[in-house]
Amino acid sequence: AQSVTQLDSHVSVSEGTPVLLRCNYSSSYSPSLFWYVQHPNKGLQLLLKYTSAATLVKGINGFEAEFKKSETSFHLTKPSAHMSDAAEYFCVVSVVGNQFYFGTGTSLTVIP
Amino acid sequence: EAGVAQSPRYKIIEKRQSVAFWCNPISGHATLYWYQQILGQGPKLLIQFQNNGVVDDSQLPKDRFSAERLKGVDSTLKIQPAKLEDSAVYLCASWDRDQETQYFGPGTRLLVL
């Protein structure tokens, strides 16, 4: 069975400080993993993805994530938070190519 | 490249009324998804199409929800009759097989009064 656990429902950081959003997955197969961002009243935008190539994945807007098979984790990081990063973030696992399982989301607040 | 299109963007109806949402995926994407996202929650898959066939509709409340993709391109999701708990954002997505990635439309926000 496949599942995703986002360990924090809410994260608050000060502008300019690092961001860490945690995601653990469970998969019977070699997974593909994604992070999507959703700004208020907007659709989901792909931030980055891992599909069995390099384990450190760089995405848009300075975000990156590292696939750690031994820890079954795919945490999202950014060195310095910007006000525009305030949004909802979803970790997603995919197996068999086109079946996707969503985490429950992490709401990121950036404090000026 | 045009993205996933959805309409309408917003809809307000009264309970027991009917409503329909439309989605046009990215050109060439054979797989199309409809998700329901209730406020404060992650998207929940309602139905997945491969061309004009249904791959997974296990979480679709079939007594009131229906969806079709007759020609394997655009798709319609219908709710009849609507309940208060159907208030949500309905997201459509399509899958790029080469990129192994889902792309989402802007969603339709439904409010049932």
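Residues numbered from 1 in each chain as written. Chains lettered and ligands numbered in written order. Predicted model: local features only at pLDDT ≥ 70, side-chain atom pairs only at ≥ 80, totals over all residues. Heavy atoms only, no water.

**Brief notes about the environment of Phe102(A)**
What counts, and what does not: By definition, any uninterrupted DSSP run of H or I lasting at least four residues is a helix, any uninterrupted run of E lasting at least two residues is a strand, and each is numbered from the N terminus. Residue contacts are defined here by distance: any two heavy atoms, one from each residue, within 4.5 Å place the two residues in contact.
Inspection of the secondary structure assignment puts Phe102(A) in strand E11 (residues 99–102). Sequence separation between Phe102(A) and Gly43(A) is 59 residues, and the spatial gap between their C-alpha atoms is 15 Å. Once residues lying within four places of it in the same chain are set aside, the contact partners of Phe102(A) are Val4(A), Leu44(A), Phe90(A), Cys91(A), Val92(A), Tyr35(B), Pro43(B), Gln102(B) and Phe104(B).

**So, the pattern of salt bridges**
This is how the line gets drawn: When a carboxyl oxygen of Asp or Glu is within 4 Å of a side-chain nitrogen of Lys or Arg, the pair counts as a salt bridge. Only protein chains enter the accessibility calculation, which uses a 1.4 Å probe; a residue whose area is less than 20% of its type maximum is buried, one above 50% is exposed, and one in between is partly exposed.
For the structure on display, the rule yields 5 salt bridges over all chains. The residue Asp85(A) makes a salt bridge to Lys78(A) at a minimum N-O spacing of 2.8 Å. Neither Asp85(A) nor Lys78(A) differs from the other in exposure class; each is buried. Residue Asp86(B) is joined to Arg64(B) by a salt bridge in which the shortest nitrogen-to-oxygen separation is 2.5 Å.

**Thoughts on the interface of chain A and chain B**
The figure often quoted for interface size is the accessible area lost as the parts come together. Worth spelling out the cut-off: Summed over both partners, buried area is the accessible surface (1.4 Å probe) that two parts give up on being assembled. Any pair of N or O atoms that falls within 3.5 Å is considered a polar contact. Within protein, one atom must be able to donate a hydrogen and the other to accept it, and sequence-neighbouring residues count only if both atoms are side-chain atoms.
Taken together, the contact pairs 18 residues of chain A with 20 residues of chain B. Summed over both partners, the interface of chain A with chain B comes to about 1500 Å²; 49% of that surface belongs to carbon and sulfur atoms. The three residues of chain A that bury the most area against chain B are Asn98(A), Phe100(A) and Phe102(A), which together make up 31% of that side's buried surface. Inspection of the chain A/chain B interface yields 0 salt bridges. Taken together, the connections running from chain A to chain B amount to 6 residue pairs in polar contact (both at pLDDT 80 or more). Looking at the side of chain A that touches chain B, the elements with two or more residues in it are strand E5 (32–38), strand E6 (44–50) and E11 of chain A.

**Focus on the pairing of strand E2 (residues 10–14) of chain A**
All names here are of chain A. Where we set the bar: For two strands to count as paired, DSSP must find a minimum of two bridges between them.
In E2, alternate side chains face the same way, and those of Val11 and Val13 are buried while those of His10, Ser12 and Ser14 on the opposite face are not. Pairing of E2 with strand E12 (residues 106–111), which is carried by 5 bridges, proceeds in the parallel orientation. The residue of E12 that forms the bridge with His10 is Ser107.

**Re the side chain of Gln38(A)**
Secondary-structure assignment places Gln38(A) in strand E5. What makes Gln38(A) buried here is its relative accessible area of 12%. A polar contact is formed between the side chain of Gln38(A) and the backbone oxygen of Lys42(A), at a distance of 3.1 Å. In terms of polar contacts, Gln38(A) uses its side chain to reach the side chain of Gln37(B), at 2.9 Å. Not counting the four nearest positions on each side in its chain, Gln38(A) is found in contact with Gly43(A), Leu44(A), Ala87(A), Glu88(A), Phe90(A) and Gln37(B).

**A few points about the pairing of E12(A)**
By the bridge criterion, 3 bridges tie strand E10 (residues 87–95) of chain A to E12(A) in an arrangement that is antiparallel. For Tyr89(A), the partnering residue across the bridge sits in E12(A) and is Thr106(A).

**Let's talk about the state of the cysteines**
Definition in use: Count a disulfide wherever a pair of cysteine sulfur atoms falls within 2.5 Å.
Following the criterion strictly, the structure yields 2 disulfides over all chains and no others. One disulfide bridge connects Cys23(A) with Cys91(A), the sulfur atoms lying 2.0 Å from each other. On the sign convention where negative means left-handed, the S-S torsion of about -70° between Cys23(A) and Cys91(A) marks this disulfide as left-handed. Of the two residues, Cys23(A) sits in strand E4 (residues 23–26) while Cys91(A) sits in strand E10, which places them 68 residues apart along the sequence. On the basis of relative accessible area, Cys23(A) is assigned to the buried category, the value being 0%. Residue classification places Cys91(A) among the buried positions, given a relative accessible area of 0%. Through a disulfide, Cys23(B) is tied to Cys92(B); the S-S separation comes to 1.9 Å. Here the disulfide of Cys23(B) and Cys92(B) is left-handed, its torsion about the S-S bond being about -70°. Note that Cys23(B) is positioned in strand E3 (residues 19–24) and Cys92(B) in strand E9 (residues 88–96), a separation of 69 residues in sequence. Here Cys23(B) matches Cys92(B) in class, with each residue buried.

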